[in-house]
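Observations on the three-dimensional arrangement
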Amino acid sequence: MPRRSAGILLYRINGHAPEVFLVHPGGPYWTKKDAGAWSIPKGEIDKDEDPLAAAKREFGEETGSPVSGEFIPLRPCRQAGGKVVHAWAVEGDIDADAIRSNLFSMEWPPRSGNEQEFPEADRGGWFSFARAREKLLAAQHGFLDQLEQMLELRLAGRS
């Protein structure tokens, strides 16, 4: 069975334009990477854990903030390594400059014997769909496509 993760695609309507919230991974391997490195806040689903519960937990761990609202399931995406990512879109807001991510430990520099702690997410940001496509891991573009289509249908229904 492939590894599974779950995450939240938080969005807001800023004026008349939708924006999505993404996080940049922390740690030394990601420091100088930007385009194609960002992600929705997500993480591993624990054994026997409900995927939506995992998505909410991971959002809180990576941002320091809880998430609530009407969770809209999105079709899962498969990442390059085979991991299947389940995601939900939810409308909300968060101060991207105020996120506080949990930490993870790793040996750094490699083979040094020194353990260091790094944030899982070192920063967050709000992006238009076009900008998010530049920032986001390619395997997660399907989530943007689905949300964009849903929002277009919702706006068309108001006309």
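Up top you'll find the structure we're talking about.
Residues numbered from 1 in each chain as written. Predicted model: local features only at pLDDT ≥ 70, side-chain atom pairs only at ≥ 80, totals over all residues. Heavy atoms only, no water.

**Some details on the overall build of the protein**
Assigned secondary structure in the protein consists of three helices and eight strands. For 159 residues, the compact-globule estimate of 2.2 N^0.38 gives 15 Å, and the C-alpha radius of gyration of the protein, at 16 Å, lies within 12% of that figure. Projected onto its principal axes, the C-alpha coordinates of the protein cover approximately 60 × 35 × 30 Å. Buried positions account for 43% of the 159 residues belonging to the protein. Across the protein, the fraction of contacts at a sequence separation of at least 24, relative to all contacts at a separation of at least 6, is 66%. Total accessible area on the protein stands at roughly 8800 Å², and carbon and sulfur atoms take up 51% of it. Looking at the protein, you have 20 positive and 24 negative side-chain charges, and the mean spots of the two groups are 4 Å apart. (Helix = DSSP H or I, 4+ residues; strand = E, 2+ residues; numbered from the N terminus. Rg over C-alpha atoms; globule rule 2.2 N^0.38 Å. Buried < 20%, exposed > 50% of the residue type's maximum accessible area, 1.4 Å probe, protein only. Contact = heavy atoms within 4.5 Å. Areas by Shrake-Rupley, 256 points an atom, 1.4 Å probe, with all protein chains shown as cover. Lys, Arg positive; Asp, Glu negative; His and termini not counted. Charge placed at Lys NZ, Arg CZ, Asp CG, Glu CD.)

**Details of the packing of aromatic side chains**
Counted under the stated rule, the structure contains five aromatic pairs. Here Trp38 and Phe127 contribute two aromatic rings whose centre-to-centre distance is 5.1 Å and whose plane-to-plane angle is 80 degrees, an arrangement assigned as edge-to-face. With Trp38 in the loop between β2 (17-25) and β3 (42-44) and Phe127 in strand β8 (residues 121-127), the pair connects residues that are 89 residues apart, well separated along the chain. Each member of the pair, Trp38 together with Phe127, is buried. With a centroid separation of 5.9 Å and an interplanar angle of 40 degrees, the aromatic rings of Phe104 and Phe118 are classed as tilted. Here Phe104, found in strand β6 (residues 103-107), pairs with Phe118, found in strand β7 (residues 115-119); they are 14 residues apart in sequence, far enough to count as distant. Residue classification places Phe104 among the partly exposed positions, given a relative accessible area of 27%. Among the aromatic residues, those joined into a ring-pair cluster are Phe21, Phe59 and Trp126. Looking at Arg12, its charged tip hangs above the ring of Trp126, at a distance of 4.1 Å from the centre. Over the face of the ring belonging to Trp30 we find Lys33, whose NZ or CZ atom lies 5.5 Å from the ring centre. (Phe/Tyr/Trp six-rings, centres within 6.5 Å; stacked < 30°, edge-to-face > 60°. Lys NZ or Arg CZ within 6 Å of the ring centre and 35° of its normal.)

**Some thoughts on the environment of Ala37**
Summarising the element assignment, Ala37 is placed in the loop between β2 and β3. We classify Ala37 as buried; its relative accessible area is 4%. In this structure, the C-alpha to C-alpha distance between Ala37 and Leu137, residues 100 residues apart in sequence, is 5.3 Å.

**Description of the nonpolar core**
One finds Leu9, Tyr11, Val20, Leu22, Ile40, Phe143 and Leu147 to be the most contacted residues of the largest nonpolar core, which totals 20 residues. When contributions to this core are tallied by element, the ones reaching two or more residues are β1 (4-14), β2, β4 (72-78), β5 (84-91), α2 (129-135) and α3 (141-158). Beyond its immediate sequence surroundings of up to four residues, Leu22 is in contact with Trp38, Ser39, Ile40, Arg123, Gly124, Gly125, Phe127, Ala132, Lys135 and Leu136. Leu10, Val23, Ile45 and Ile94 belong to the second largest nonpolar core, which has 18 residues in total. (Core = buried A, V, L, I, M, F, W, Y, C linked by side-chain atoms within 4.5 Å.)

**Structural notes on the pattern of salt bridges**
Pairing between side chains of opposite charge can happen when their charged atoms approach one another. Within the structure shown, the criterion is met by 15 salt bridges. Its salt-bridge partner being Arg123, residue Asp34 comes within 3.7 Å of it at the nearest N-O pair. Here the residue Asp34 occupies a position in the loop between β2 and β3, and Arg123 occupies one in strand β8, the gap between them amounting to 89 residues. (Salt bridge = Lys/Arg side-chain N within 4 Å of Asp/Glu carboxyl O.)

**Thoughts on the pairing of β5**
Buried residues dominate β5, accounting for seven of its eight residues. Of the pairings in the sheet, the one linking β1 to β5 comprises eight bridges and is parallel in character. Residue pairing in the sheet places Gly7 in a bridge with Ala87 of β5. Bridge count between β4 and β5: five bridges; the pairing is antiparallel. If you follow Cys77 over to β5, its bridge partner there is Val85. Connecting β4 to the antiparallel partner β5 that follows it, the hairpin turn spans five residues, and Gly82 within it adopts a positive phi of roughly 100 degrees. (Pairing = 2+ DSSP bridges.)

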